[in-house]
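Examining the three-dimensional arrangement
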Amino acid sequence: MHSPSLARVKAAAGALLAGFVSVVVAQPPAPGVGGAGGPAPPGAAVHPGEAPIDLGSALRLAGAENPELLLARQRVTEAAALRQLAAAQVLPNLNLGGNYDLHRGPVQQSNGNILNVNRDSLYVGLGASAVGSGTVVVPGLNYNLNVGEAWYGWLAARQRVTTTRAVADAVRNDVLLRVCLAYLDLVRGDARVAIAARNQDEAAEVARLTAEYAKAGQGRRADADRAAVEVQRREAEQAQAKGDALTASARLGQLLNLDPATRLRPAEGWAVPAPVVPDPVPLPELLAIALMRRPELAARRSDVQQALYELSLAKVLPFSPTAIVGFSAGGFGGGSNLVSSPQGFVSGDGQRITAPRFAPLDGRADFDVAVLWTFRNLGVGNAALIRAADSRANQSRLRELDTLNRVRTEVAEAHARVAARAQQIDAAEKAVRSSGAAYQGDLTRIKGGQGLPLEVMDSLRLLGRSRFEYLDAIVDYNRAQFQLWVALGNPPADYLARPIPLELGDLLPGPRVLPVPRQIPLPKRP
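Now for a look at the structure at hand. (Residues numbered from 1 in each chain as written. Predicted model: local features only at pLDDT ≥ 70, side-chain atom pairs only at ≥ 80, totals over all residues. Heavy atoms only, no water.)

Let's talk about the overall build of the protein chain
Which entries qualify depends on this criterion: The helix count covers DSSP runs of H or I at least four residues long, the strand count covers runs of E at least two residues long, and both are numbered beginning at the N terminus. The buried label goes to any residue with under 20% of its type's maximum accessible area, the exposed label to any with over 50%, and the partly exposed label to all in between, with areas taken from a 1.4 Å probe on protein chains only. Residue contacts are defined here by distance: any two heavy atoms, one from each residue, within 4.5 Å place the two residues in contact. Each accessible area is a Shrake-Rupley estimate made with a 1.4 Å probe; only the visible protein chains count as cover when residues are assessed.
Helix and strand content of the protein chain: ten helices and eleven strands. Within the protein chain, the proportion of its 526 residues that are buried is 41%. Put simply, 81% of the contacts in the protein chain that link residues at least 6 apart link residues at least 24 apart. Surface summary for the protein chain: the accessible area is close to 27,100 Å², and the carbon and sulfur share equals 58%.

Concerning the packing of aromatic side chains
Stated precisely, the cut-off is as follows: Only rings of Phe, Tyr and Trp enter the pairing, Trp through its six-membered ring, and a pair is recorded when the two centres are within 6.5 Å. The plane angle decides the type: under 30 degrees is stacked, over 60 is edge-to-face, the rest tilted.
In this structure the tally under the stated criterion is one aromatic pair. Relative to Trp154, the ring of Trp151 has its centre 5.7 Å away and its plane inclined at 40°; by these criteria the two rings are tilted. Placement of both Trp151 and Trp154 in helix α4 (residues 147–215) is noted, with a separation of three residues, approximately one turn of the helix. A relative accessible area of 26% places Trp154 in the partly exposed class.

What to know about the pairing of strand β3 (residues 96–108)
Note the cut-off: A pair of strands is treated as paired once DSSP finds two or more bridges between them.
Here 13 bridges tie β3 to strand β4 (residues 114–128), and the two strands are oriented antiparallel to one another. Counterpart to Arg104 in the pairing with β4 is Asn118. Taking the residues that link successive antiparallel strands as the turn, the β3-β4 hairpin has five residues, and the phi of Gly112 there is positive, at about 95°.

Regarding the packing of α4 against helix α10 (residues 455–487)
Quick note on the threshold: Only the stretch in contact is used when a helix axis is fitted, and all axes are lines through C-alpha atoms; the angle between N-to-C directions ranges over 0 to 180 degrees. Roughly parallel covers angles under 35 degrees, roughly antiparallel covers those over 145, roughly perpendicular covers 65 to 115, and oblique covers all other angles. Residue type decides the class: Asp, Glu, Lys and Arg count as charged, Ala, Val, Leu, Ile, Met, Phe, Trp, Tyr, Cys and Pro as nonpolar, and the leftover types, Gly among them, as polar.
Closest axis-to-axis distance for the α4/α10 pair is 10 Å, and the angle between their directions is 170°. Judged by the angle between their axes, α4 and α10 are roughly antiparallel. Of the residues in the contact of α4 with α10, the class split is 18 nonpolar, five polar and nine charged.

Quick word on the packing of α4 against helix α7 (residues 295–316)
Packed helices, taken two at a time, are described by their axes: the angle between them and the distance between them. Under the convention used in this document: For any helix crossing, the convention is left-handed if the near helix is rotated counterclockwise from the far helix by under a right angle, and right-handed if that rotation is clockwise.
The contact between α4 and α7 brings their axes to 8 Å, and the two run at 165°. On the basis of their axis angle, the class for α4 and α7 is roughly antiparallel. Seen along the crossing, α4 lies across α7 with a hand that is left-handed. Counted by class, the contact of α4 with α7 contains twelve nonpolar, nine polar and six charged residues.

Brief notes about helix α2 (residues 55–65)
Residues that lie three or four places apart on an α-helix share one face, since the helix turns once every 3.6 residues. Of all eleven residues that make up α2, eight are buried, and the element is covered over most of its length. Looking at α2, one finds that the buried residues are Leu55, Gly56, Ser57, Ala58, Leu59, Leu61, Ala62 and Glu65. Looking at the buried residues of α2, the elements they touch are β1 (50–53), α3 (67–87), α4 and α10.

Shown next as structure tokens:
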């Protein structure tokens with residue numbers, strides 16, 4: 001199979017980005033077009049205590065309120081702050097302070113002579129810890145910088161920002177996909193409730209006819225009891241459907257950071273196939289688009305670049321100098337009992353000088369520069385650092401390869417699911433029509449006195465099962481479409497984002513700045 005040309009890949013990517021998408025649950029299908037729920041939409045009326053929501057509003061709520069998305073964005077903020085810190089290493093540290101030194105007792109001179117001295121000193125200004133005749137221990141302006149660590153650390157910090165942004169995009173795509181799937185499950189749940197209610201009504205009609213035949217002596221009582229059991233099964237089926245719908249509502253509310261007790265209802269009443277990704281795009285071009293757009297691959301590439309920077313740092317570290325520069329300026333003063341006593345001290349010209357017990361503060365300035373090269377553990381430590389950094393770079397490359405294989409597999413699987421689900425929709429639609437015609441024919445025969453009511457029960461069972469399978473085929477097709485869209489690296493949000501409905505305003509945990517319409521329009525019913 002030949003590789004797709006770059007022009008075709010760009011054209012396909014542009015087509016995808018332009019929004020080849022329709023709303024998952026929208027207007028009723030035209031006559032002859034597949035749609036779950038029969039000629040009339042399943043009940044989409046909103047009852048008291050329920051909140052209507054559409055897919056666009058759900059996606060927008062998730063983008064503003066989902067904790068996973070907010071956490072990923074905070075990681076980007078943290079990485080950007082660390083990048084700023086890495087760039088700020090070229091600036092010196094500023095230390096302001098002072099110190100007071102008090103000594104009582106003997107000290108030893110450099111020639112070994114022991115002196116009994118009581119001395120004290122005070123320093124205030126840039127820096128601190130000025131004691132004795134040495135330089136200021138904590139300089140006021142202080143550089144302590146390894147050139148290689150500063151440069152490569154800044155480059156690595158830049159890559160970490162790129163990585164966290166790509167990871168945040170991947171988290172966004174994943175969360176919004178889960179919102180789409182949860183919303184589709186909500187649509188499925190409500191549609192199953194409507195289908196179950198319709199099946200129950202039809203089973204009750206069959207049970208009524210069977211009971212009348214048995215009462216008139218034209219049928220067996222066992223057949224009537226069997227039809228009554230079928231009604232009870234339909235009631236249990238409807239109860240299960242209602243429970244599944246409530247579960248789907250709670251799961252969607254969790255993703256949107258809403259109260260799980262709130263009953264969400266899909267604003268639209270139809271479930272129709274929604275081809276998000278255009279069918280004419282072949283699989284090789286879809287794979288090429290995913291390789292260019294998937295944020296997971298961008299994150300892995302940035303990881304590899306960061307690991308290579310760290311490997312370069314490990315190699316140049318023994319030859320990278322560390323510069324230590326310090327400058328201090330302030331007022332310094334003090335004295336001792338030796339210089340304040342009558343004997344004083346002898347200066348260099350032989351004169352005896354007597355000083356006060358604590359001289360006033362006087363101006364003092366210190367400037368120190370040191371440059372050094374460090375070979376860790378006689379170079380053995382540096383060799384170990386190089387090997388460890390080289391191993392991390394290889395691990396990053398292998399993780400990139402693993403992610404590449406996973407992305408290609410996800411695209412291929414989603415593409416295959418879309419094709420399979422499309423065929424299932426066609427088969428399920430034909431099954432619904434055939435079973436519906438069989439049921440109506442049997443029901444007409446029974447009402448006309450031709451045959452027994454029990455004969456229609458098999459057709460009713462097939463019709464009920466076909467309706468559920470038709471709904472599942474449509475919803476699963478839409479799920480596969482969104483999974484393929486996200487597998488290509490596109491977030492399912494921008495083209496569907498809408499203002500949050502007014503009915504959801506009181507459910508949100510806190511004030512909102514998003515525009516809220518006065519009412520949410522519902523689609524017109526035929």
